[in-house]
Amino acid sequence: MMKEEWRIHSTIFGSLGFALFPAVVAFFAFLGSLTLPLFRDTLPYAAVALLAQILFLLMGVMVGSFGLMGREFMNRRFGQASLVAYASRSLPVSERRIFTAFLVKDTVYYILLYVLPFAVGFAAATPFISLNPAWGLLAFVSLTLAFLMGLSIVCFLSTLYAHSVRLLAGTVVVLGVLALAALRLGAITISTVLPPYAFFLDPGPGPLALALLLILVPSAVSVLFVTVEYPDRTKRFNNSLDPLAERLRALGSAHFIVKDALDLLRSEGGAGKVIFSFLLPIGLIWVCLQILIRFIPGIDPLVVFAVLLGVISATTYNWLTEFDSFSSYAFLPVKVSEVIDSKLKSYGLLGLLPLAVLVLAAATSGGTGTFLPALAAFLSVSAYTLAVTVYLTGLHPNVMLYSAGVFLRYLLAISPALLLLIFASILDPAYAFGSLLLIVPAAFLLFRGRVKWQAWEMPGY
Amino acid sequence: MIEADGLTKDYGSVTAVSGISFCVAEGELFGLLGPNGSGKTTMIRMLTGQIPPTSGSARVMGLDVADDPIGVRKLVGIIPEQETPPSFLTAEEYLHFVASIRHLDSVDERCDRWFDLLEFEDKRNVLCKDLSRGTRQKLMFAQAFLHEPKLALIDEPLINLDPIMQRTVKDFLQEYVRDGGTVFFSTHILEIAEEICDRIGIIHNGRLLHSGPIEDLTGSGRHLEPFFLDLVRGDTGA
């Protein structure tokens, strides 16, 4: 499986292009670490460490959410049965074993692609910012723990979801009640919620044991109760395409938009995908921002939340292309640019979900005073990030972003704009209105992207 | 209907199709025969504007495929090799989806005709991902002929179909040609070509080794299989 993963990606953008991906992550971690002393007054090291831990926890959550998509995820990502992931069909290997190996492979891959390079980049910078290089090792261990914690928690929740929505809801309610009770009693601190962070600040057996407990117990439950058999039940549906397309006729490309919607609704996981790969990370970000206010007093949580929401919402473009491929249209009188246009319209409709989240966040946090700049920031960042994604990856974001060159350009295009926006909003939330300028490059990139991908031939693999 | 002139396609250092020229006239049933990997699929993808040729040119129904690939695909019906319809639409929804792209009217009647002819009415509400390979091939057949094209380009038309359905499809193709349609198909199953083709081309290692009426062979008492094997083995040994 490791070889397959390597060959799939290296076939598309060359061995060097894929191999350099961790180098790009390390390079950016190195550069970012070098700038830490500049912002130390407003952003203490402890806050940066917390941000990094949250980032990798979220990554674990998002990687783990693939479990919800099961066979379909593998189908789309790896093509049909010629791969090891399908060996249980033709070889005496159980699906449980294959599935476990697949999980382990993906975990190792993500650690090698993201966590290790990030820690190496940070370690390389420590001599220049007067920190002990041993912190690099500590960062690697603690960030790995944070990543695995996110992964195991979402696998646990998705396993419950696979068995019964009621079981999941009941568990969430019980955990919520326990968390509220603990909060009232003052028993919840950042260290108890995020033991890998506590381990980074004060390495010792206590937080390490707690972190391992929070990783191993949910993982064990997930493996024991994971549903690996694929139901043979044939699904039947009446024609929903035409009635729904009729309602969306005014948008144009109505049949494409409805097809995207049906793909999302009818694929395995259904609404669960939205919960685990979007609402859960967004909820975590909101909670973390409330904590960060303690470290950075000038920050406006709603504006920063809106900026991050804009970036995360752009990942919904990945959902829209996950179950689709242009090869399905290549023999019909359809241009790539037409499919991209229809995806953009679907994206616009899906954008109502993060918009509702933003309104909810503003209403519940009393942040209505900064709602308008937050709204501007969300819309602009979402459009800009989407435009960068479309320009760089066309209809293949789930694959192309693993090319070092593409990923580097993606980071270079998005990071400066985001950092500038966040820092400006710390000075005055009204500066977030400046984000509307991003609409201009967004429109340009979308225009260029449509032309660029029309002429692109995907290498066969 | 089809005029290919020196069509060549390189994939990096590999030449999949090398300088092929041929014509297919209106009302012909032309079979492109060749072993696996000989360049048949690449040829069909070039003729339908799905991939651009490295050099050479082709005109399909009067349109240059490089200049107007969408125009070509509007006019013709295409059944690609091993392409599956989108997973989460039902068979009926997929045909309606194709009909919307082709701006067709009377869609229900068109769909009913194909569900009836290819005998998969009971699968119309089943998700494409749950269809058997044979039923998926029927569905791909239906989408290719939904707009009643004058020319159909088919990559392995009978793949995954049972013998009864193979007979139905062969009869349909022959009737379609009798009614003025033109068919260009590729296959490595020689019996099909021998049974239904007017003319054949034999391709090997990307080069066209032979092109001519099937009658030239059968009329002189020869069979296609030994002719094909001699030609291909001779080319391999050359």
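Residues numbered from 1 in each chain as written. Chains lettered and ligands numbered in written order. Predicted model: local features only at pLDDT ≥ 70, side-chain atom pairs only at ≥ 80, totals over all residues.

1. Re the overall build of chain A
Phase 1 of the analysis: For chain A, the count of helices and strands is 23 helices and zero strands.
Phase 2 of the analysis: Relative to its full complement of 461 residues, chain A shows a buried share of 41%.
Phase 3 of the analysis: Expressed as a percentage of contacts within chain A between residues at least 6 apart in sequence, the contacts between residues at least 24 apart total 78%. (Helix = DSSP H or I, 4+ residues; strand = E, 2+ residues; numbered from the N terminus. Buried ≥ 20, exposed ≤ 12 C-beta atoms within 10 Å, placed from the backbone. Contact = placed C-beta atoms within 7 Å.)

2. Notes on the interface of chain A and chain B
Phase 1 of the analysis: Contacts between the two partners involve 25 residues from chain A and, on the opposite side, 26 residues from chain B.
Phase 2 of the analysis: Those elements giving two or more residues to the side of chain A that touches chain B turn out to be helix H13 (241–247) and helix H14 (254–266) of chain A.
Phase 3 of the analysis: Here the element with the most residues in the side of chain A that touches chain B is H14 of chain A; it accounts for five residues.
Phase 4 of the analysis: The class makeup of the residues in the side of chain A that touches chain B is 10 nonpolar, seven polar and eight charged. (Nonpolar A, V, L, I, M, F, W, Y, C, P; charged D, E, K, R; others polar.)

3. A word on the sheet that holds strand E8 (residues 182–187) of chain B
Sheet strands line up and pair through hydrogen bonds in the backbone, either parallel or antiparallel.
All names here are of chain B.
Phase 1 of the analysis: The six strands lie next to each other as E6-E7-E8-E3-E9-E10, forming an open sheet whose pairing is mixed. With partners counted over all chains shown, the strands left at the sheet margins are strand E6 (77–79) and strand E10 (207–213), one partner each. With direction set aside, neighbouring strand axes in the sheet form an average angle of 10°.
Phase 2 of the analysis: In the sheet, strand E3 (residues 29–33) pairs with strand E9 (residues 199–204) via four bridges, with the strands oriented parallel. Bridge pairing in E9 places Leu33 opposite Ile202.
Phase 3 of the analysis: Lying over the sheet, helix H1 (residues 40–47) contacts E3, strand E7 (151–155), E8 and E9, oriented at roughly 150° with respect to E7.
Phase 4 of the analysis: Here helix H6 (residues 163–178) sits on the sheet and contacts E3 and E8; the angle it forms with E8, its principal contact strand, is near 145°. (Pairing = 2+ DSSP bridges. Axes fitted to C-alpha atoms, helices over the stretch in contact; angles between N-to-C directions.)

4. Thoughts on the packing of helix H20 (residues 371–393) of chain A against helix H23 (residues 439–454) of chain A
Residues and elements named next belong to chain A.
Phase 1 of the analysis: The N-to-C vectors of H20 and H23 enclose an angle of 25°; their axes lie 8 Å apart at closest approach. With respect to H23, the axis of H20 lies roughly parallel. Like other packed secondary-structure pairs, H20 and H23 cross with a definite hand, here left-handed. Facing Ser380, Ala383, Tyr384, Ala387, Val388, Val390 and Tyr391 of H20, the residues of H23 in contact are Ile439, Pro441, Ala442, Leu445, Leu446, Arg448, Gly449 and Lys452.
Phase 2 of the analysis: Split into classes, the residues belonging to the contact of H20 with H23 amount to 11 nonpolar, two polar and two charged. (Parallel < 35°, antiparallel > 145°, perpendicular 65-115°, else oblique. Left-handed = near helix turned anticlockwise from the far one by under 90°.)

5. A short note on unusual backbone geometry
If a residue is not glycine, its phi is most likely negative; likewise, a peptide bond is most likely trans.
All names here are of chain B.
Phase 1 of the analysis: Phi at Ser106 takes a positive value of approximately 45°, unusual for a residue other than glycine.
Phase 2 of the analysis: Since 10 C-beta atoms lie within 10 Å of it, Ser106 is described here as exposed.
Phase 3 of the analysis: A positive phi angle, near 50°, is found at Asn205, a position not held by glycine.
Phase 4 of the analysis: Examined against the element boundaries, Asn205 turns out to sit in the loop between E9 and E10.

6. Let's talk about the domain arrangement of chain B
Residues and elements named next belong to chain B.
Phase 1 of the analysis: Under the domain assignment used here, chain B contains domain 1 (2–76 + 151–237) and domain 2 (85–148).
Phase 2 of the analysis: The C-alpha-based centres of domain 1 and domain 2 are spaced at 25 Å.
Phase 3 of the analysis: Between domain 1 and domain 2, the contact holds nine residues from the first and eight residues from the second.
Phase 4 of the analysis: Here the element with the most residues in the side of domain 1 that touches domain 2 is H6; it accounts for four residues.
Phase 5 of the analysis: Within the side of domain 1 that touches domain 2, the residues separate by chemical class into six nonpolar, two polar and one charged. (Domains from an automatic or database assignment.)

7. Some details on H20 of chain A
All names here are of chain A.
Phase 1 of the analysis: Taking 1.5 Å of rise per residue, 23 residues should cover 33 Å, and H20 covers 32 Å from first to last C-alpha, within 8% of that figure.
Phase 2 of the analysis: In terms of residue burial, H20 counts as a mostly covered element, since 20 of its 23 residues are buried.
Phase 3 of the analysis: Directly beyond the C-terminal end of H20, a positive phi value near 60° is found at Gly394. (Expected span 1.5 Å × (residues − 1).)

8. Re the nonpolar core
Phase 1 of the analysis: One finds Ala306 and Ala377 of chain A to be the most contacted residues of the largest nonpolar core, which totals 98 residues.
Phase 2 of the analysis: Of the domains in this structure, domain 1 (1–230) and domain 2 (240–269 + 300–461) of chain A are the two that each give at least three residues to this core.
Phase 3 of the analysis: Membership of the second largest hydrophobic core comes to 83 residues, among which are Phe256, Phe323 and Phe331 of chain A together with Ala144 of chain B. (Core = buried A, V, L, I, M, F, W, Y, C linked by C-beta atoms within 7 Å.)

9. Quick word on helix H4 (residues 107–117) of chain B
Residues and elements named next belong to chain B.
Phase 1 of the analysis: Considered for burial, the residues of H4 that qualify are Arg110, Cys111, Trp114 and Phe115. Projected onto a plane normal to the axis of H4, the buried residues spread over an arc of 130° and lie on a single side. What points out from H4, more than 90 degrees from its buried face, is the exposed set Glu109 and Asp116.
Phase 2 of the analysis: Next to the buried residues of H4 lie helix H3 (91–101) and helix H5 (133–145).
Phase 3 of the analysis: Where H4 ends, the next residue or the one after it, Glu119, has phi of about 55°, a positive value. (Arc of directions from axis to C-beta.)

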